[in-house]
Amino acid sequence: MVPLNYYLILAAVVFAIGVIGVLIRRNLIVILMSIELMLNAVNLTFIAFSRYLGSMAGQVAVFFVMAVAAAEAIIGLAIIISVFRQRQTLDPQEMQLLKW
Amino acid sequence: MVSTDFAIAAYDLLRWIPLIPLLAVVVNLFWSRALGNKTAGAVACAAVGASLALSLYVFWQLPSNGIFRDVVYTWIDSGSFKVNLSFQVDALTAVMLLIVTGVGFVIHIYSLGYMGHDEGMTRFFVYLNLFIFFMLLLVMSDNLLLLFVGWEGVGLCSYLLIGFWYLDDDNAIAGNKAFVVNRIGDFGFILGIFLLVTDLGRQGVWTLDFLELQKHVQLLTPATIGLITLLLFAGATGKSAQIPLFVWLPDAMAGPTPVSALIHAATMVTAGVYMIARLHFLFALAPMTLSLIAWIGAATAFFAATIALTQNDIKKVLAYSTVSQLGYMFLAAGTAAFGAAIFHVFTHAFFKACLFLGSGSVIHALDGEQDMRKMGGLKAYMPTTYWTYLIATLAIAGIPLTAGFFSKDLILWQAFHHGAVILWAIGLITAGMTAFYMFRQLFMVFHGECRADAHAKAHLHESPAVMTLPLIVLAIGSIFAGWLGAPEYLWGSRWDHWLQPLFGAGEAHEGSANTEILLTLLTLAVVAVGIYAAYAKYGRSARSAEETAGAEGLLYRLSYNKYYVDEIYDTLFVRPFTACSRFFAEFVDPRIIDGMVNGVASFTRGLSWVWCGIQTGNVQHYAAGLLVGTLAFLVYFLGQS
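Remember, it's a predicted structure, so these values are computed and weren't measured experimentally.

Q: How should the overall build of chain A be read in this particular structure?
A: A tally of helices and strands in chain A yields three helices and zero strands. Whereas a compact globule of 100 residues would reach a radius of gyration of roughly 13 Å, chain A reaches 17 Å, over 25% beyond that. Dimensions of chain A, computed from C-alpha atoms along their principal axes, come out at roughly 50 × 25 × 25 Å. Every one of the 100 residues in chain A was classed for burial, and the buried ones make up 11%. Within chain A, contacts between residues at least 6 apart in sequence are counted, and of these 46% link residues at least 24 apart.

Below, the structure written as structure tokens:
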């Protein structure tokens, strides 16, 4: 059996990739995808602990996260489409109106 | 000594006397357009007529030593301090009621004709009714605070009506002047009220009620009474146009003529005299104030009469004449002859209203001409106006058996009897000047040949009945109103009997009738000289009126220019004040006040500028901040464990 640590390290690496993607990419769609990465890294952690501790609570949480992620993806994509129609760009640096 | 035991009776009818004109105000304010000019005017007249009828009824029922009271509700109730909104009618108020509603009603009728062609007719009647309401409030109030409300209310109406034709800047400025000058007096008035109520309150009597005040007046020290009465008198000088605050009244002639007759001759300007008579128990205890009042009254009477000698504007002559006659009233009040003062208020209301309405009739006939040099010979064109004007002129000059004869002689006799021979002499000379300037006016306007220009001449006509009838009524009053107060050597005074329970007896009846008759004859001689002088200078030929104007001596120019009082006030008070205001408006406000406010703002702005930089609007920067923060927490908590 693969030790728990392996899963945790993998999840941490995937989460970090997601964070970096959110912070540095210049395309909203890619940023959205990076958020999915982060969510799934968390899911992976939940599953690993669930298995390790022999509890179903982690798996329940995963279902919640999946449902929320699906909703989030839909709304996020819808916003992205309407933003693109307005401004013909998806670069977050072009969207800095909301400031002093 | 004044007795304080009056028969007080509740009487619910009283509240309707002021309320009916107020109702007419409301009706005309909201529905005048639907009613139309004619109906609105009729509503206004009917309301004052109803008040007059009620006043007559109340007067009929009132015993001389009785007081009717109508408590509507408690207005202020704070601890032991309580002020009612309530009305009271005693002998003094009843007289004022009849003056206000009686003369007011006649002038309302006259206004139907005078203002008939004016676009603002309904507005005029709304103001006029509102004035009647406030004036009734003033005379019917049973406490000082409600009196003050009426006092300020009539001031407001006066302001509104002086500036009635507001499109002309001069009228608006005249209204402003009246308002501001009155404010100065009212400042003293309200300080007097404060001092009175706090000083009595400190001794456990919190009240403004006249009867209560009269009961507790002995609690005050003479010095306090002196100060209170001085402050109250300051209010009276403003409202009743006495030196030094008389300057607004001549300018107030900018208003329509019925307003001059009602507000600036018959009723409002006598409010000061009424107030002093109402608080006679206070003033009687302040001999210093009383002598000041007498001196100011006499000085005003003399001073204003000398100005009236040379004025050429028909209404200005009457205005200065009013100031002068008000001076007589204060002279009487100052010699503690309150009954005589109110008697002159009463007779003056008739003949001065008659004179003003007559001058209005003349101005109306000449299409707005007010310069007496462009009148003359109107006797032939306007017989009714002429005869009523003549009667009123005789009355104000003090020809025997007219109203002015009785009241003016009573005042002079009281002054003489009071021992103030100098004051009496001033009054005597003033009587001569009064006769001169009034007959000068009569000759210039009605006698000689007509000097009106072609346009005015074509317009010449006798006024319609709606205007001449009030003149006739007032002319009758100008003769018979005085008969109530005849001296003892004729048929005796009903007036004194009526007011005696209020002011007390002893208003100089002990003096010998022979002295009184002698003084009267002396007055008549002076008056005759005045009339003859006017006849010699202006009566014989119309030409001389024009020729004499212009090339005259120093005294003439002083009088013609009103002793430059307006200019002196302008230099002494108005200019320094406006300069001061300008300094504050142009330097202190923009530089210092605004500078402080703007300084705080730009300081805050400078600080915020430092931190503004981190709000970039870029979501990724915020996310990075979030990450750093989370990591920092993580490091902190992990480091702790």
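Q: Looking at this structure, how should I read the overall build of chain B?
A: Summing up its helical and strand segments, chain B has 25 helices and three strands in all. Here the C-alpha coordinates of chain B stretch approximately 120 × 65 × 55 Å along the principal axes. Per-residue burial over chain B gives 51% buried out of 641 residues. For chain B, restricting intrachain contacts to residue pairs at least 6 apart in sequence, the fraction spanning at least 24 positions comes to 81%.

Q: Can you walk me through the environment of B:Leu499 in this structure?
A: Residue and element names in this part refer to chain B. Its location among the elements puts Leu499 in helix 20 (residues 494-503). On the basis of neighbour counts, which here come to 25 C-beta atoms within 10 Å, the residue Leu499 falls in the buried class. Along the primary structure Leu499 and Leu92 are separated by 407 residues, whereas in three dimensions their C-alpha atoms are 6.7 Å apart. In this structure Leu499 touches Ala91, Leu92, Gly339 and Ile342, once residues within four positions along its chain are discounted.

Q: What am I meant to see in the sheet that holds strand 1 (residues 7-10) of chain B here?
A: By way of backbone hydrogen bonds, the strands of a sheet pair with one another, either parallel or antiparallel. Residues and elements named next belong to chain B. The sheet built from three strands is open, its strands ordered 1-2-3 with mixed pairing. If you trace the sheet from one side to the other, it starts and ends with strand 1 and strand 3 (81-89), each paired once. Mean inter-strand twist for the sheet, computed between neighbouring axes without regard to direction, equals 45 degrees. In this structure, strand 1 lies alongside strand 2 (residues 66-78), joined through four bridges in parallel fashion. By the bridge assignment for strand 2, Ala9 is matched with Phe68.

Q: Quick question: what am I supposed to make of helix 17 (residues 421-446) of chain B here?
A: Every α-helix carries 3.6 residues per turn, so stepping three or four residues along brings you back to the same face. Residues and elements named next belong to chain B. With 26 residues, helix 17 extends 37 Å between its outermost C-alpha atoms, agreeing within 8% with the 38 Å of an ideal straight helix rising 1.5 Å per residue. Counting buried positions along helix 17 yields 21 of 26 residues, so the element is predominantly enclosed. Once helix 17 finishes, Gly448 follows within two positions and takes phi at roughly 75 degrees, a positive value.

Q: Explain the domain arrangement of chain B here, please?
A: When the parts come together, some accessible area is lost, and that loss is often what is quoted as the size of the interface. Each assigned domain of chain B is listed here: domain 1 (286-552) and domain 2 (567-640). Distance from the C-alpha centre of domain 1 of chain B to the C-alpha centre of domain 2 of chain B: 68 Å.

Q: Explain the pairing of strand 2 of chain B here, please?
A: In regular strands, side chains alternate between the two faces of the sheet. Residues and elements named next belong to chain B. As for the winding sense of the linkage, the β-α-β connection from strand 1 through helix 1 (residues 16-61) to strand 2 is right-handed. One ladder, built from nine bridges, connects strand 2 with strand 3; its direction is antiparallel. Looking across to strand 3, one finds that Ile76 is bridged to Val83. Hairpin geometry of strand 2 and strand 3 is characterised by an intervening segment of two residues between the two adjacent antiparallel strands and by a positive phi of about 65 degrees at Gly79.

Q: Can you help me understand the nonpolar core in this one?
A: A general feature of soluble globular proteins is that nonpolar side chains tend to end up buried together. One finds B:Ala341, B:Ile342 and B:Ala353 to be the most contacted residues of the largest nonpolar core, which totals 207 residues. Residues within four places of B:Ala353 in sequence aside, it is in contact with B:Val103, B:Ile107, B:Ala261, B:Ala265, B:Ala266 and B:Leu474.

Q: Would you explain the confidence of the model for chain B in this entry?
A: Summary statistics for chain B give a mean pLDDT of 89 and a share of 96% for residues scoring 70 or more. Reported confidences for the modelled complex are a pTM of 0.80 and an ipTM of 0.87.

Q: Would you explain the interface of chain B and chain A in this entry?
A: Listed per partner, the contact involves ten residues of chain B and ten residues of chain A. Looking at which element gives the most residues to the side of chain B that touches chain A, the answer is helix 25 (residues 619-640) of chain B, with five residues. By residue class, the composition of the side of chain B that touches chain A is five nonpolar, five polar and no charged.

Q: Can you help me understand the environment of A:Ser50 in this one?
A: Residue and element names in this part refer to chain A. Turning to its location among the elements, Ser50 is positioned in helix 2 (residues 28-53). Residue classification places Ser50 among the partly exposed positions, given that 17 C-beta atoms sit within 10 Å. Spatially, the C-alpha atom of Ser50 lies 10.0 Å from that of Ala61, the residues being eleven residues apart in sequence. Apart from residues no more than four positions distant in its own chain, Ser50 is found in contact with Ser55, Met56, Gly58 and Gln59.

Q: For this particular structure, what's the right way to read unusual backbone geometry?
A: Residues other than glycine predominantly adopt negative phi, and peptide bonds predominantly adopt the trans conformation. All names here are of chain B. For the peptide bond that leads from Ile243 to Pro244, omega is 5 degrees, which places it in the cis range. Along the chain, Pro244 turns up in the loop between helix 7 (222-239) and helix 8 (248-251). A positive phi angle is found at Asp367, which is not glycine, with a value near 60 degrees. Position of Asp367 relative to the elements: it lies in the loop between helix 14 (338-365) and helix 15 (383-397). For Leu401, which is not glycine, the phi dihedral falls at a positive 70 degrees. Within the secondary structure layout, Leu401 lies in the loop between helix 15 and helix 16 (403-417).

Cut-offs and rules
- Residues numbered from 1 in each chain as written.
- Chains lettered and ligands numbered in written order.
- Predicted model: local features only at pLDDT ≥ 70, side-chain atom pairs only at ≥ 80, totals over all residues.
- Helix = DSSP H or I, 4+ residues; strand = E, 2+ residues; numbered from the N terminus.
- Rg over C-alpha atoms; globule rule 2.2 N^0.38 Å.
- Buried ≥ 20, exposed ≤ 12 C-beta atoms within 10 Å, placed from the backbone.
- Contact = placed C-beta atoms within 7 Å.
- Pairing = 2+ DSSP bridges.
- Axes fitted to C-alpha atoms, helices over the stretch in contact; angles between N-to-C directions.
- Expected span 1.5 Å × (residues − 1).
- Domains from an automatic or database assignment.
- Right-handed = clockwise from strand over helix to strand, strands pointing away.
- Core = buried A, V, L, I, M, F, W, Y, C linked by C-beta atoms within 7 Å.
- pLDDT = per-residue confidence, 0-100.
- Nonpolar A, V, L, I, M, F, W, Y, C, P; charged D, E, K, R; others polar.

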